[in-house]
Amino acid sequence: MVGGPVIDAHALIGTIGLMSGTSLDGIDLAFLKTDGESQVQRGASMTIAYPDAQRRRLREFLDQVKATPGDLPGGMDSIERDLTLAHVEAVKAFLQRENIKRESVELLGFHGQTVLHRPECGQTLQLGDAELLARETGINVIYDFRSEDMRGGGQGAPLVPLYHAALVESQGKSDVVCVVNLGGIANLTWIAPNTPPIAFDIAPCNGLLDDWVARHTGASMDIDGRLAQQGRTDETALASMLSHPFLSKPPPKSLDRLDFTDESLAGLSPADGAATIIAFVAEALAHATTHLPAPPNVWVLCGGGRRNPVLRAALSSRLSGKSITAEEWGWSGDHIEAEAFAWLAVRSTRGLPLTLPSTTGVSNPMCGGRCVTVRNH
């Protein structure tokens, strides 16, 4: 960590994690008391959706970033300020709703909104003004979790795996577990006893499906997989999508939200396109198991995709072992990433690693994060 307070190694620190994922659906918040290691007391959590206009603005900005490689489009400062103020209001609403006293929160773990992630070029960009967030909330902010890892030769993603491993360890589980985040991008964490976790991005997931549905129906997502359920997988389109070189690339590896397109689906009906995307995610995850040292006994599904029964059925048909939701495992599937950034914030203040060679490809276990300290906090 760069700057900031020194945290007692034995103290449990009240922290709020903030996460806005690649699905662009809103802000997740979670309160933890933790030492940044095995002690985790999970508290309240909530999600505040982005207004439709803000979500459209973010999506348009992502399209502009993709269209202007190497040169960020104009208007970013305004978008960043609005997004940060949305986080400010989210924190205030969370404290009020859950009756959490501001004085009991020592840190905010602020991920920001990823709009660019090109590790092969050493580029990653998360929108969010940490100084503004700290000033408006009066709480110390830990941010910029990815840069140190990338300077150390890592992918800068995924960042949640060590928290996954800590949760599994704290539960005393002896299974070989694979935690799958079915968010805008699908990624996994493979966890086995006495072994460093292995993690990597798998393929686009809700991001690709949401974009397809929005463009063809005007809806923001395929609720309960109803559109996909009406369609049929187009095998030619599926084969084309599965030929993408990223899928055969060995880990560590990570994706930008816009690395994949839906060009292969051109000419398909909305329902057939949705069904084909579902089949693609399932096949990509099945293929990802070839990169694992041993097959998992248990698959724990997190993220918004776990609520899509068509996707869950497709995954169950392609995966060996038991497939369950995060809630069935005793976790919060919607808020585990927000929890993770609270936990990572405490680790950052203690100078503990946030990433490992087995999770991002970084040369050595790597600390990270930067701090904005509120005066007279």
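In what follows, the structure referred to is the one given above.
The notes below deal with the structure included here. (Residues numbered from 1 in each chain as written. Predicted model: local features only at pLDDT ≥ 70, side-chain atom pairs only at ≥ 80, totals over all residues. Heavy atoms only, no water.)

**Some words on helix 5 (residues 161–170)**
In an α-helix, one turn spans 3.6 residues; hence positions three or four apart end up facing the same way. Counted only if it meets this: Here's how the labels work: a residue is buried when its accessible area is under 20% of the maximum for its type, exposed when over 50%, partly exposed in between, all with a 1.4 Å probe on protein chains only. Going along the chain from the N terminus, every DSSP run of H or I of four or more residues is numbered as a helix, and every run of E of two or more is numbered as a strand.
With 8 of 10 residues buried, helix 5 lies mostly within the body of the structure. Three or more residues of helix 5 are buried, namely Pro-161, Leu-162, Tyr-163, His-164, Ala-165, Ala-166, Leu-167 and Val-168. Positive backbone phi, at 70°, marks Gly-172, one or two positions downstream of helix 5.

**A look at the packing of aromatic side chains**
Definition in use: Any two rings among Phe, Tyr and Trp, with Trp reduced to its six-membered ring, count as a pair given centres within 6.5 Å; such a pair is stacked if its planes are under 30 degrees apart, edge-to-face if over 60, and tilted if neither.
For the coordinates displayed, the defined rule picks out 5 aromatic pairs. Both rings, one in Phe-145 and one in Phe-341, keep their centres 5.1 Å apart while their planes meet at 70°; by these two values the pair is edge-to-face. Of this pair, Phe-145 sits in the loop between strand 6 (140–143) and helix 4 (147–151) while Phe-341 sits in helix 12 (residues 336–349), and the two are 196 residues apart along the sequence. The burial state of Phe-145 is the same as that of Phe-341; both residues are buried. Between Phe-260 and Phe-280, the ring centres sit 5.7 Å apart and the planes meet at 50°, which makes this aromatic pair tilted. Here Phe-280 lies in helix 10 (residues 270–288) and Phe-260 lies in the loop between helix 9 (245–248) and helix 10, a separation of 20 residues in the sequence. When sorted by exposure, Phe-260 lands in the same class as Phe-280, which is buried. Here the aromatic residues Phe-246, Phe-260 and Phe-280 are joined through ring pairs into a cluster of three or more.

**A word on helix 6 (residues 206–217)**
For clarity, the threshold we go by: Each helix should span, by expectation, one fewer than its residue count multiplied by 1.5 Å. Contacts are residue-level and defined by heavy atoms, with any inter-residue pair within 4.5 Å sufficient.
Over its 12 residues, helix 6 extends 15 Å from the first C-alpha to the last, a length consistent with the 16 Å expected when each residue adds 1.5 Å. Of the positions making up helix 6, those classed as buried are Asn-206, Gly-207, Leu-208, Leu-209, Asp-210, Asp-211, Trp-212 and Val-213. Of the surrounding elements, those touching the buried residues of helix 6 are helix 1 (52–67), strand 7 (177–182), strand 9 (198–204), helix 7 (226–229), helix 8 (235–242) and helix 10. In the segment just after helix 6, Gly-218 is the residue with positive phi, at about 85°.

**Brief notes about the nonpolar core**
One broad rule of soluble globular proteins: the nonpolar side chains tend to lie buried together. How we decide: Here the nonpolar core consists of buried residues drawn from Ala, Val, Leu, Ile, Met, Phe, Trp, Tyr and Cys, with membership extended through side-chain atoms lying within 4.5 Å.
Counting residues in hydrophobic clusters, the biggest one holds 48 residues, and the most contacted among them are Val-180, Leu-182, Leu-188, Ile-202, Phe-280, Leu-285 and Leu-315. For this core, the element with the highest residue contribution is helix 10, accounting for 11 residues. With residues up to four places along the chain from it excluded, the contact list for Phe-280 reads Ala-203, Pro-204, Leu-238, Met-241, Leu-242, Leu-247 and Phe-260.

**Description of the pattern of salt bridges**
Definition in use: Salt bridges are defined by distance alone: a side-chain nitrogen of Lys or Arg within 4 Å of a carboxyl oxygen of Asp or Glu.
Evaluation of the coordinates by the stated rule reveals 15 salt bridges. For Arg-42, the salt bridge identified is with Glu-339, shortest N-O distance 3.1 Å. Taken together, the residues span a long stretch of sequence, with Arg-42 in strand 3 (residues 40–49) and Glu-339 in helix 12 at a distance of 297 residues. Looking at Arg-42, the relative accessible area reads 36%, which means it is partly exposed. Its salt-bridge partner being Asp-210, residue Arg-55 comes within 3.9 Å of it at the nearest N-O pair.

**Some words on the packing of helix 1 against helix 2 (residues 76–97)**
As a reminder, the rule being used: Angles shown run from 0 to 180 degrees and are taken between the N-to-C directions of axes, each axis being a line fitted to C-alpha atoms and, for helices, limited to the stretch in contact. Orientation categories follow fixed angle ranges, with anything under 35 degrees roughly parallel, anything over 145 roughly antiparallel, 65 to 115 roughly perpendicular, and all other angles oblique. Here a crossing is called left-handed whenever its near helix is offset anticlockwise from the far helix by less than a right angle, and right-handed whenever the offset is clockwise. Note on residue categories: nonpolar means Ala, Val, Leu, Ile, Met, Phe, Trp, Tyr, Cys or Pro, charged means Asp, Glu, Lys or Arg, and polar means any other residue, Gly included.
Where helix 1 contacts helix 2, the two axes come as close as 11 Å, and the packing angle between them is 140°. By the angle between their axes, helix 1 is oblique relative to helix 2. As for how helix 1 packs across helix 2, the hand of that crossing is left-handed. Every residue of helix 2 that contacts helix 1 at Gln-54, Arg-57, Leu-58 and Phe-61 is listed here: Met-76, Ser-78, Ile-79, Asp-82, Leu-83 and Ala-86. When grouped by side-chain class, the residues that make up the contact of helix 1 with helix 2 number 6 nonpolar, 2 polar and 2 charged.

**Points about the environment of Gly-36**
Tracing the sequence through the fold places Gly-36 in the loop between strand 2 (26–34) and strand 3. Residue classification places Gly-36 among the buried residues on the basis of a relative accessible area of 0%. With 316 residues separating them along the chain, Gly-36 and Leu-352 place their C-alpha atoms 8.2 Å apart. Not counting residues up to four positions away in its chain, the partners in contact with Gly-36 are Trp-343, Val-346, Arg-347 and Leu-352.

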